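Single-letter residue listing:
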Amino acid sequence: MKAYLFTVALVLGAISVSLAQRETSLRVIDALRDLHPSYRDLRNVVVNAVAGAKLNSSEVVFRFQTTVAERKELFMKTAISSESAVLRQVNSQPNTVETSCLGFLRQSVDVNMNLAGVSFTNCLNTVDGSLEAELTRIYAELAVNETSYINLSVYDAFRGQNVFVNPQTIVDRLVEKLSAVQQAPVELAQELAVLVDAFETRLGDVQVAYTNCLTMNDQLLQTTLNTVLLQLQQICLGTLVPASSTSEPTVETTEEGQVTEEPTEEVTPAETVTTEASSASELERQPEPPTPGQAYTHLV
């Protein structure tokens, strides 16, 4: 009889333990249900945060492109002003200066302006390649960052575990995962901000390289235009006229020996254009570039 009672007690005890363990197993589902909304919220936060970072990077690109356009406009205006000033010197020569020699000088100015256009385009092509590479990099970084959060596994808490044998271990893992999911958005926002800031810094370096490229090619152009002025005096035996006199009509001799007058349109002197260009607002994150075109102004 005692043996029977002992056996019954063991069976009842086992049933009680089993029922208690089954209740713990069911708590696994409750923990899983608690995790699902938080994981959904995390996905929403991540998607919105990455979208915001992409919008910020787009604004960075806009400012970069605006700066590039302003830089190019500044150097183009200076080049055109320099060309105009030199041509006025050539066109203001008296009819005693050989016209064929003056024609060669005009051709030289035109050729060197065309070469300057090639060099300015080369600078812009380099910018285009650098911008494309940086855009590819930032979007790849943002994609990896997004994936690292969105691809957080919910069910890896069950790996190597048995929901009926050790359910509490699974519950503990799910609770720990819930805490990590709730903390993730704070870390993500910081990481995305760092990525966008680094992207903007790299584009700033591209802007500096672009300005240096334009400056170097502008200096080459000014050197060639200075050479034209020297050739005007040394080869064509002409003389430099005061800047105030360059608005007078051009006097040229035709092949038949007739003297013709061609009015020259009034153009703002190079010094004025240079002053206006240099007074433009300082561009963001950039040192003010050296004022192009100064090399020849002392000659005109």
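Remember, predicted model here, so these are calculated numbers, not experimental data.

Draft legend 1. How the structure looks around the overall build of the chain. When you go through the chain residue by residue, the secondary structure sums to five helices and two strands. The order of α-helices and β-strands along the chain, N terminus first, is α-α-α-β-β-α-α. Taken across its 300 residues, the chain has 35% of its residues classed as buried. A sequence separation of at least 24 residues applies to 84% of the contacts in the chain between residues at least 6 apart. As displayed, the chain offers around 17400 Å² of accessible surface, 58% of which is attributable to carbon and sulfur atoms.

Draft legend 2. Up close: the state of the cysteines. Scanning all chains against the criterion turns up two disulfides. Across the disulfide from Cys-123 sits Cys-213; the S-S distance is 1.9 Å. With the S-S dihedral at roughly -80°, the linkage between Cys-123 and Cys-213 falls on the left-handed side. Here Cys-213 lies in helix α3 (residues 167-234) and Cys-123 lies in helix α2 (residues 99-150), a separation of 90 residues in the sequence. With a relative accessible area of 22%, Cys-213 lands in the partly exposed category. Disulfide partners in the chain, listed by the sequence order of the bonded cysteines, are 1-4, 2-3.

Draft legend 3. Looking closely at unusual backbone geometry. One non-glycine residue, Leu-237, adopts positive backbone phi at about 60°. Position of Leu-237 among the secondary structure elements: in the loop between α3 and β1 (250-253). The exposure class assigned to Leu-237 is exposed, which follows from its relative accessible area of 67%.

Draft legend 4. A look at the nonpolar core. Ranked by internal contacts, the top residues of the largest apolar core, which has 54 residues, are Phe-64, Leu-105, Leu-142, Leu-174, Leu-192 and Leu-203. For this core, the secondary-structure elements that each account for two or more residues are α1 (2-91), α2 and α3. Those residues in contact with Leu-192 that lie beyond four places of it in its chain are Ala-49, Val-50, Ala-53, Leu-142 and Asn-145.

Draft legend 5. Here's a closer look at the confidence of the model for the chain. When pLDDT is averaged along the chain, the result is 78; 72% of the residues meet or exceed 70. With pLDDT under 50 throughout, residues 8-17 is counted as low confidence; its partners more than four residues away or in other chains account for zero contacts. Contacts for the low-pLDDT stretch residues 245-291, under 50 throughout, to residues beyond four places or in other chains number 76 contacts.

Draft legend 6. The arrangement of the pattern of salt bridges in detail. For the coordinates displayed, the defined rule picks out eight salt bridges. Arg-40 is paired through a salt bridge with Asp-41; the nearest N and O atoms lie 3.3 Å apart. Here Asp-156 and Lys-177 are joined by a salt bridge, their closest N and O atoms 3.0 Å apart. Of this pair, Asp-156 sits in the loop between α2 and α3 while Lys-177 sits in helix α3; the two residues are 21 residues apart in sequence, bridging distant segments of the chain. When salt bridges that share partners are traced, they join Glu-59, Arg-63 and Glu-200 into one network.

About the thresholds
Residues numbered from 1 in each chain as written. Predicted model: local features only at pLDDT ≥ 70, side-chain atom pairs only at ≥ 80, totals over all residues. Heavy atoms only, no water. Helix = DSSP H or I, 4+ residues; strand = E, 2+ residues; numbered from the N terminus. Buried < 20%, exposed > 50% of the residue type's maximum accessible area, 1.4 Å probe, protein only. Contact = heavy atoms within 4.5 Å. Areas by Shrake-Rupley, 256 points an atom, 1.4 Å probe, with all protein chains shown as cover. Disulfide = S-S within 2.5 Å. Core = buried A, V, L, I, M, F, W, Y, C linked by side-chain atoms within 4.5 Å. pLDDT = per-residue confidence, 0-100. Salt bridge = Lys/Arg side-chain N within 4 Å of Asp/Glu carboxyl O.

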